[in-house]
Each structure stands twice: as structure tokens, then as C-alpha cells.
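# Architecture at a glance
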Amino acid sequence: MIIILGAGLTGLSCAYHLGDTSYRLFEAEQRPGGLCRSDTINGFTFDRTGHLLHLRDPSCQKLVFEELLPGVFKKHSRRAFIHSHGTMTPYPFQAHTYGLPRAVVRECVLGYIRAPQIKNPDTFQEWALTTFGEGIYRYFMQPYNEKLWRVPLESLTHEWCSWSIPRPSLEEIIDGAIGIVHRNMGYNPVFWYPRKYGIEVLPAAFARKCRHLETNHRAVKIDVLRRRVLFDNGREESYDRLVSSLPLDELLMMAENSPDEWKVIARGLKRISILAISLGIKGCFFGRKHWVYFPERSFPFYRVGVASNIESTLAPPGCSNLYIEASLAHPDSDRESVLHQCLTLLAALGLKEDPIVEHCFVIPCAYVVYDHFRREAVPAALTKLMKHGILSTGRYGGWKYSYMEQAILDGREAAAWAKET
Ligand SMILES: Cc1cc2nc3c(=O)[nH]c(=O)nc-3n(C[C@H](O)[C@H](O)[C@H](O)COP(=O)(O)OP(=O)(O)OC[C@H]3O[C@@H](n4cnc5c(N)ncnc54)[C@H](O)[C@@H]3O)c2cc1C
């Protein structure tokens, strides 16, 4: 028997790609979808913060746009900005310094030209300094990443940067300093989003094709010798192969009859939590902008997005749908005080009236921290699990920085592995 734990996109895609092969998919929550769920409250549809679809793989495009959800997604061109020194510049910061104080523009351009040539940079700090130079590091890379990751940047590695951070050429940096905008930089200049009902339509389409999905089943123990999973409702299931999309640290902690070393690895893995604040407000906000990054330390949030500027159906007529993301030191951090600070600063940015709807939630495992421990520990842990017939995969199962398309592909790969019995 194949058991799949977690019905986020990874688990759902695995089930979908197993086709007629026998499996059981168990999900802890009341409904499938994981991070790709959307909540509708008083006419506002809130994603679990901004979830925009980027599909590069042709087979994935065919699956989503032709087989699962034909005609449902609309293509958009990104309208993203950076708020710095009291002004807004187009994303990415490093390629668009025009509009910032002249001394800052000068420092960024000169810093890029004179960037230290560090051979084989090891840490994120070294990588960012050698790639962008001191000015861009000082005004964006350092404050933004310290705010998001909440660890010293010399303790981070840079494996996660290759696809996620755009690296403009000298010509583009100069263009950006004199006001020429390059709109197509980075991994998300265009993206797809459903015309209605939020991103949950995507996991829901997979879920409709699943033959054996059971919700309200939270795995609490896994006996790796007897190959049995115990759920919080007392049910036990045996497996030959287990596909887990649970956070890797939690999976290792719930393993029984496993070497002590597994718990040591679990305790060493670091993650950050985010406080997501969704607001339904009257009127518009940030003009037509889709989202804005806030690198400066004086703002408690690192990003504010206006979901209804992407798809107006996410808010009632005449209203806007905002999401605000703030990184937390710990999931139990005082969210009331962070919320209060965020609302005060949003008022300073133009939020005139109290929100009609306020929907706050913590994502306890939002980003995994790429530190030196992770570099060695994750491949080792995945190999050890595999020897016991367990494939830990997906964004949190694989303990990586990835996106929805990758989750669909991870699920497909997991199905191929599970079928090979
Ligand atoms: C703030 C934020 C914004 C993002 N924005 C984007 C974006 O714009 N575009 C993009 O492509 N990607 C985005 N992503 C990434 C995207 O959300 C993930 O790549 C994808 O949803 C991962 O799916 P998953 O199935 O691997 O994990 P999850 O969605 O976390 O699914 C895991 C599932 O396991 C279940 N589970 C947990 N514990 C148990 C247990 N003990 N027993 C049973 N079930 C359990 C959970 O309830 C959940 O349903 C974003 C992520 C975050 C955090």
C-alpha cells in the first residue's frame, strides 16, 4: 500500500499521478490544499498570502491549463515595486534606482562597478556583496533579507538565490539609474491567476480527481520498522511506501524506532514563521500596483500586496483586498503587537478607514532557512528516510525554497517512485 501524507499541491499531485495504482491520501485539516487554500469572508477572497502561478514546464502547463482547469486562469504582467527612502521604484531594486536620493543611486552604481571579487562565495552575505556591491547590499539586500530571515546573513548560504533573485548586467544597472525600466527581470514578470475564487481552485481541481482522500487525519507517529502510521484519531495504517509532504523536521520528530540522530537533525533545521494579515477595505490602495516590498527596518512587514489589483473578483465592488506579510521570530510571537504596528504604518501609507474585514493567521513553517546545517543535513536525512521506504518531498518535505509548479512536479516524481515497487 502507498500512503501519502498531506494534501497540499505535492500530495494531491502525487495522488493524481498515481492514476489507477492503489493509494491512500491523508490530510490533517478539514479541507485539502495546504498553503494554496483561499478563504472567502464577507465577499473578500483571501489567499494564504499572494499565490501567483508561474508555469514553465510544458507538461505542467498542459496539465493545468488544458486538462484540469481550461479557461480558468488569466495571464498578468507583474506590477511590483520597492518602497525605499519614502518613494516607490520598480522591482527589482538593484535594476531600478532612479528616483532614490542621488547619493544612494551613486553608491549603488559605484558599488556595483567596484564590487569585491570574492571567489566561490559561501554565505549569502558574500554572494550578495560580490554580485551587487556595497550600495545595493546596504539599501536592499541586507535590510530586506535580515527582516525576512531573522538570522545574520553570514549564517545563510546562497543556494536559494539562483532562481529567485534577478542579477542585472552593468548596462541594466545604468539604465535603471537614469530611469529606463526593464520590466521582464526575474522569475515572475508574467504569472497566471484564476479569474474567480482565488488560488484554491488549483488544489480543488486535483482533489476532485483523487479517489482516496481522507481529511481530518493528522499523522502523529510513524513506526519506521513496522511501517505503520498512527493518526490523531487512533486509526493506524500500514504502508509499503510512504510519500510525506509534511515539514521534514516534524516527520523526523514523529518517527519511532528510528536512530536518535534523526531527532538531532530535526532539531537543527531552522524555519521562519510569518504573520499574514489579510484586510478587506473600502476604496483602493497603492493605485494599480500588485505588490510592494519594504526593505527598511522601520516597517515591520516585508511585503504588502493588493490581491484585488490582480483580480477584481477577490473583493466586492468599490473595495480592495490587501495582504501584509511580516516575518516572526517564533510562531507564538506577540501577533497583536505586530498587527498593531502594521496597521499604524499602513495608515501612514494611506489606509484611511478601519478595515471592513481583518483576517490574520500565522504560517508556522513558511520559509526554511538555508544555513550551513541544512546543506549537509537535508540530503543525509532524505537518504536515511528513503532506506526505510519514505520519500519526503515538496516545499517542506524537501526542506527547500520552491513554488507551486515545483510542488506539482515533486508530486509527479513521487508517484513514479512509489509505483516502482
Ligand atoms: C507566504 C507564501 C507565499 C507563496 N507564494 C507563492 C507564489 O506566489 N507562487 C508560487 O508558485 N508559490 C508560492 N508559495 C509556495 C507554495 O505555497 C508552495 O510551494 C506549495 O503550496 C507547497 O505545497 P506542498 O504540498 O509541498 O506543501 P503544503 O501546502 O504545506 O501542504 C502540506 C500539507 O500537509 C498537511 N499536513 C501537515 N502536517 C500533517 C500531518 N501531521 N498529517 C497529515 N497532514 C499534515 C498540511 O495541512 C498541508 O495540507 C508561497 C509560499 C508562502 C509561504
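Conventions used here
- Residues numbered from 1 in each chain as written.
- Predicted model: local features only at pLDDT ≥ 70, side-chain atom pairs only at ≥ 80, totals over all residues.
- Heavy atoms only, no water.
- Helix = DSSP H or I, 4+ residues; strand = E, 2+ residues; numbered from the N terminus.
- Rg over C-alpha atoms; globule rule 2.2 N^0.38 Å.
- Buried < 20%, exposed > 50% of the residue type's maximum accessible area, 1.4 Å probe, protein only.
- Contact = heavy atoms within 4.5 Å.
- Lys, Arg positive; Asp, Glu negative; His and termini not counted.
- Charge placed at Lys NZ, Arg CZ, Asp CG, Glu CD.
- Pairing = 2+ DSSP bridges.
- Axes fitted to C-alpha atoms, helices over the stretch in contact; angles between N-to-C directions.
- Expected span 1.5 Å × (residues − 1).
- Near = heavy atom within 4 Å.
- Polar contact = N/O pair within 3.5 Å; in protein donor to acceptor, adjacent residues only side chain to side chain.
- Areas by Shrake-Rupley, 256 points an atom, 1.4 Å probe, with all protein chains shown as cover.
- Domains from an automatic or database assignment.
- Buried area = accessible area lost by both parts, 1.4 Å probe.
- Salt bridge = Lys/Arg side-chain N within 4 Å of Asp/Glu carboxyl O.
- Nonpolar A, V, L, I, M, F, W, Y, C, P; charged D, E, K, R; others polar.

### Thoughts on the overall build of the protein
- Looking only at helices and strands, one finds 14 helices and 20 strands in the protein.
- In summary, the protein has a C-alpha radius of gyration of 22 Å against a globular reference of 22 Å for 421 residues, a match within 12%.
- Projected onto the principal axes, the alpha-carbon positions of the protein cover approximately 65 × 55 × 45 Å.
- For the protein, the residues scored as buried account for 56% of the 421 residues in total.
- The contacts in the protein between residues at least 6 apart in sequence include a share of 72% that link residues at least 24 apart.
- The distance from the centre of the 50 positive side-chain charges to the centre of the 45 negative ones in the protein is 4 Å.

### What to know about the sheet that holds strand β18 (residues 319-328)
- The strand order across the open sheet built from 7 strands is β7-β6-β16-β17-β18-β15-β19, with neighbouring strands paired in mixed fashion. Single-partner strands in this sheet number two, and they are β7 (87-90) and β19 (357-368). Shown here is a sheet whose adjacent strand axes are inclined to one another by a mean of 25 degrees, direction ignored.
- One ladder, built from 4 bridges, connects strand β17 (residues 303-306) with β18; its direction is antiparallel. By the bridge assignment, Arg303 is partnered in β18 with Glu325.
- Across the sheet, helix α5 (residues 134-149) lies against β6 (80-84), β15 (271-282), β16 (291-293), β18 and β19, angled at about 100 degrees from β19, the strand it touches most.
- Across the sheet, helix α11 (residues 335-348) is in contact with β15, β17, β18 and β19; its angle to β15 comes to roughly 45 degrees.

### What to know about the side chain of Thr131
- Mapped onto the fold, Thr131 is located in helix α4 (residues 124-132).
- Thr131 gets classed as buried once you look at its relative accessible area, which sits at 17%.
- Ignoring anything within four residues of it in the chain, the contact list for Thr131 reads Tyr112 and Arg167.

### Quick look at helix α12 (residues 372-387)
- Taking 1.5 Å as the rise per residue, α12 with 16 residues should run 22 Å; its terminal C-alpha atoms sit 24 Å apart, in good agreement.
- Those residues of α12 not exposed but buried are Arg374, Ala377, Val378, Ala381 and Leu385.
- Buried residues belonging to α12 abut α9 (248-254), α10 (261-268), β19 and β20 (390-392).
- Just beyond α12, the residue with positive phi is Gly389, at close to 75 degrees.

### Description of the site of the ligand
- Contacts to the ligand come from 32 residues, most closely from Thr10, Glu27, His51, Leu52 and Met404.
- Here an oxygen atom of the ligand and a backbone polar atom of Leu9 are 3.1 Å apart.
- At 2.7 Å, a side-chain N or O of Thr10 approaches an oxygen atom of the ligand.
- For the ligand, whose unbound accessible area comes to 1,000 Å², protein coverage reaches 92%.
- Contributions of two or more residues to the shell around the ligand are made by α1 (9-18), α13 (394-397) and α14 (404-419).
- With 3 residues, α13 is the largest single contributor of residues to the shell around the ligand.
- Three or more residues apiece are contributed to the shell around the ligand by two domains, here domain 1 (2-37 + 200-269 + 371-419) and domain 3 (271-368).

### Quick look at the domain arrangement of the protein
- Looking at the protein, the domain boundaries give domain 1 (2-37 + 200-269 + 371-419), domain 2 (92-177) and domain 3 (271-368).
- On a C-alpha basis, the centres of domain 2 and domain 3 stand 25 Å from each other.
- It is Tyr144, Lys147 and Leu148 in domain 2 that bury the most area against domain 3; as a group they hold 52% of the surface buried on that side.
- Taken together, the connections running from domain 2 to domain 3 amount to 1 salt bridge.
- For the salt bridge of Glu146 with Arg297, the shortest nitrogen-to-oxygen distance reads 3.1 Å.
- Run the count over domain 2 and domain 3 and you get 8 residue pairs in polar contact (both at pLDDT 80 or more).
- Classifying every residue of the side of domain 2 that touches domain 3 gives 6 nonpolar, 1 polar and 3 charged.

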